[in-house]
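# Coordinate inspection notes
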Amino acid sequence: MNKRHIHARLSQALALSQLSSCTRRKVAALIISPDTHSVISDGYNGPPRKGPALCGGDHCERVRLQITSGTQNDIGCYHAEQNAILNAARQGSSTNGAILICTTSPCLSCARAIYHAGIKEIYVPKGSYTTKGIEYLAQYNVQTFMIDMTKALDHPKTWP
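Residues numbered from 1 in each chain as written. Predicted model: local features only at pLDDT ≥ 70, side-chain atom pairs only at ≥ 80, totals over all residues. Heavy atoms only, no water.

The next subject is the packing of aromatic side chains. All chains considered together, the criterion is met by four aromatic pairs. Seen from their ring centres, Tyr-115 and Tyr-136 are 6.3 Å apart, and the 80 degrees between their planes marks the pair as edge-to-face. Of the two residues, Tyr-115 is situated in helix α4 (residues 108–116) and Tyr-136 in helix α5 (residues 132–139); the sequence distance between them amounts to 21 residues. A residue is classified by how much of its surface remains accessible, and Tyr-136, at 13% relative accessible area, is buried. Judged by centre distance (4.8 Å) and plane angle (15 degrees), the ring pair of Tyr-123 and Phe-145 falls under stacked. Remark: Phe-145 occurs in strand β5 (residues 143–147) and Tyr-123 occurs in strand β4 (residues 121–125); sequence separation between them is 22 residues. By relative accessible area, Tyr-123 is classed as buried at 6%. Taking the relative accessible area as the measure of exposure, Phe-145 reaches 29% and is therefore partly exposed. (Phe/Tyr/Trp six-rings, centres within 6.5 Å; stacked < 30°, edge-to-face > 60°. Helix = DSSP H or I, 4+ residues; strand = E, 2+ residues; numbered from the N terminus. Buried < 20%, exposed > 50% of the residue type's maximum accessible area, 1.4 Å probe, protein only.)

Written out as structure tokens, the structure is:
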């Protein structure tokens, strides 16, 4: 993908993240076709479809339990990457060979899902909170591109 397309999709992901009801962090992911550069699927972090507004009903369960980001992923919302992959499956769209753009780096659980969904390339911001997912993806030859968000958003022609 060229920088112009990545910049446009990153801007879309940042806008989409604002739909998240999570009070702790707003994250979004887009799955992109490598052939047409169109969006196959998208997702943002949040509770189950048609569920309560927050993972704990009226509160964030991870905040209440003081859980560190990137750990104990069985508690809390569905992650953006999970939702994007599940939304693609729900509509019958293949993710094999696709590109993922996310507003943060994936946790280990999401990295496993990304790899097993056949996604071959991801773009995430530099300095994201965890590297475990990135390390896992590198081990399985999923290309990861770290984007300097300030350069990408302010001066898209000057990065990565």
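A word on unusual backbone geometry. With a phi angle near 65 degrees, His-37 is a residue other than glycine that sits in the positive phi range. Locating His-37 in the fold gives a position in the loop between β1 (28–32) and β2 (39–44). At Gln-66, a position not held by glycine, the phi torsion is positive, near 55 degrees. In this structure, Gln-66 sits in the loop between α2 (61–64) and α3 (80–90).

Here Ser-41 shows up in strand β2. A sequence separation of 45 residues divides Ser-41 from Leu-86, and the C-alpha atoms of the two residues are 8.8 Å apart. Excluding its chain neighbours within four sequence positions, the residues that come into contact with Ser-41 are Ala-29, Leu-30, Ile-31, Ala-84, Asn-87, Ala-88 and Gln-91. From its side chain, Ser-41 meets the backbone nitrogen of Ala-88 in a polar contact 3.2 Å long. (Contact = heavy atoms within 4.5 Å. Polar contact = N/O pair within 3.5 Å; in protein donor to acceptor, adjacent residues only side chain to side chain.)

Glancing now at α3. Taken together, the buried positions of α3 are occupied by Ala-80, Glu-81, Asn-83, Ala-84, Ile-85, Asn-87 and Ala-88. Along its buried surface, α3 packs onto β1, β2, β3 (99–102) and α4. In the stretch just after α3, Gly-92 is the one whose phi turns positive, near 75 degrees.

Moving on, we get to α4. All buried positions along α4 are accounted for by Cys-110, Ala-111 and Ile-114. For α4, the arc enclosing every buried residue in end-on projection is 105 degrees, short of the 170-degree limit, so these residues lie on one face. Just downstream of α4, Gly-118 is the residue with a positive phi angle, here 85 degrees. (Arc of directions from axis to C-beta.)

With that settled, the discussion passes to the layout of surface pockets. Where empty space is left becomes clear once a probe the size of a water molecule has been rolled over the atoms. The calculated volume of the largest pocket comes to roughly 340 Å³. Every residue lining the largest pocket is counted, 16 residues in all, and those nearest its centre are Tyr-44, Pro-47, Arg-49, Asn-83 and Asn-87. Elements with a minimum of two residues in the lining of the largest pocket: β2 and α3. By residue number, the principal contributor to the lining of the largest pocket is α3, which donates four residues. Looking at side-chain class alone, the lining of the largest pocket contains six nonpolar, seven polar and three charged residues. (1 Å grid on protein atoms, 1.4 Å probe; cavity = no way out; pocket = protein on both sides within 12 Å on 5 of 7 lines; lining within 4 Å. Points joined across faces, edges and corners; volume = space filled by probe spheres on them. Nonpolar A, V, L, I, M, F, W, Y, C, P; charged D, E, K, R; others polar.)

Purely geometric numbers; function is a separate question.
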